[in-house]
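Inside the fold
Each chain is listed here by its residues.
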Amino acid sequence: MYSSDKTKLICISFVLALLILGLNIAPVSVYANSINGQDEDQITSVINEYFSLRYQELKTLSSPDYSSLIDASSPASESWRSKEANISAVKTTIAKTFGITVQDTSFSLEFLSIKVVDNMATVNLLESSKVAYSSDPSDPAILGGLEHTITLAKENGRWMIQLDQYEDDMTRLVESASMDEIYKNIQTNHALMVKSGMT
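Described below are features of the structure shown in this document. The model shown is predicted, which means the values in this text are computed figures rather than measured ones. (Residues numbered from 1 in each chain as written. Predicted model: local features only at pLDDT ≥ 70, side-chain atom pairs only at ≥ 80, totals over all residues. Heavy atoms only, no water.)

**Re the pattern of salt bridges**
Per the counting criterion, the structure on display carries seven salt bridges. The partner of Lys59 in a salt bridge is Asp104, with the nearest N and O atoms 4.0 Å apart. Of this pair, Lys59 sits in helix 2 (residues 37–60) while Asp104 sits in strand 2 (residues 102–117); the two residues are 45 residues apart in sequence, bridging distant segments of the chain. Judged by its relative accessible area of 38%, Lys59 falls in the partly exposed class. For Arg172, the salt bridge is made with Glu167, and the minimal N-O distance between the two is 3.0 Å. Salt bridges linked by common partners bring Arg54, Glu84 and Asp164 together as one network. (Salt bridge = Lys/Arg side-chain N within 4 Å of Asp/Glu carboxyl O. Helix = DSSP H or I, 4+ residues; strand = E, 2+ residues; numbered from the N terminus. Buried < 20%, exposed > 50% of the residue type's maximum accessible area, 1.4 Å probe, protein only.)

**A short note on the nonpolar core**
Counting residues in each nonpolar core, the largest one holds 43 residues, and the members touching the most others are Ile43, Ile47, Val90, Val123 and Leu152. When residues of this core are traced back to their parent elements, those giving at least two are helix 2, helix 3 (75–98), strand 2, strand 3 (120–133), strand 4 (141–155), strand 5 (158–165), helix 4 (169–176) and helix 5 (179–195). Looking at this core, the element that brings in the most residues is helix 2, giving seven residues. Setting aside its immediate chain neighbours within four residues, Leu152 contacts Ile43, Val46, Ile47, Asn119, Met120, Ala121, Val123, Trp159, Met160, Ile161 and Gln162. (Core = buried A, V, L, I, M, F, W, Y, C linked by side-chain atoms within 4.5 Å. Contact = heavy atoms within 4.5 Å.)

**Some points on the packing of helix 3 against helix 5**
Each pair of packed helices can be summarised by the angle the axes make with each other and by the distance between the axes. Running from N to C, helix 3 and helix 5 cross one another at 15°; their axes reach a closest spacing of 11 Å. Between helix 3 and helix 5, the crossing angle belongs to the class labelled roughly parallel. Handedness of the helix 3/helix 5 crossing: right-handed. In this structure, helix 3 uses Asn86, Ala89, Val90, Thr93, Ile94, Thr97 and Phe98 to contact helix 5, whose residues at the interface are Met179, Ile182, Tyr183, Ile186, Gln187, Asn189, His190 and Met193. Taken together, the residues that form the contact of helix 3 with helix 5 break down as nine nonpolar, six polar and no charged. (Axes fitted to C-alpha atoms, helices over the stretch in contact; angles between N-to-C directions. Parallel < 35°, antiparallel > 145°, perpendicular 65-115°, else oblique. Left-handed = near helix turned anticlockwise from the far one by under 90°. Nonpolar A, V, L, I, M, F, W, Y, C, P; charged D, E, K, R; others polar.)

**Focus on the pairing of strand 2**
The pairing of strand 2 with strand 3 spans 14 bridges and is antiparallel. The partner of Phe107 across the bridge, within strand 3, is Ser129. The loop that links strand 2 with its antiparallel partner strand 3 comprises two residues; one of these, Asp118, has a positive phi angle of about 55°. (Pairing = 2+ DSSP bridges.)

**Focus: the environment of Ser106**
Along the chain, Ser106 falls in strand 2. Taking the relative accessible area as the measure of exposure, Ser106 reaches 31% and is therefore partly exposed. Along the sequence, Ser106 and Lys130 sit 24 residues apart, while their C-alpha atoms lie 5.3 Å from each other.

What follows is the structure, encoded as structure tokens:
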């Protein structure tokens, strides 16, 4: 009988992988290309706040307000925002269905490059994190080295995120199956785990 949230998460990931599943600390280092200090500070600040909200969501299971960080009016970001909404919904459904509770999170970003051309910026970075579950906070899940390419635009003197490109099991899942299929698979696997005494 699996008693820890971490064990449940491992088991869930394995089972959902049958459909194609999934659910990321280093000091900041920036290699800028013709970028002034003010822009650099604004860009890194916006990105750090964006990731802070992403990790906050793991604990609260509620969608944070990204309106001050993301350019929702940009057509370029529409597909990405839709995909992120689906990923968020799947993670929340998994957590609630299997009773997984996150107690604490920490993350760090290693900025590899920041390139600015006119009012557009492209940032390459690596994301790392620790996620502690309520069942055993002393044994956190450690992930690291997830590559991101983030595009930002400067609007009215403020940098806004237009796109965050990265690839992991969860992005591959929502790109390869419909939300109905994913939800059905979560419920089916939960029923199987209950039946087998794994919850």
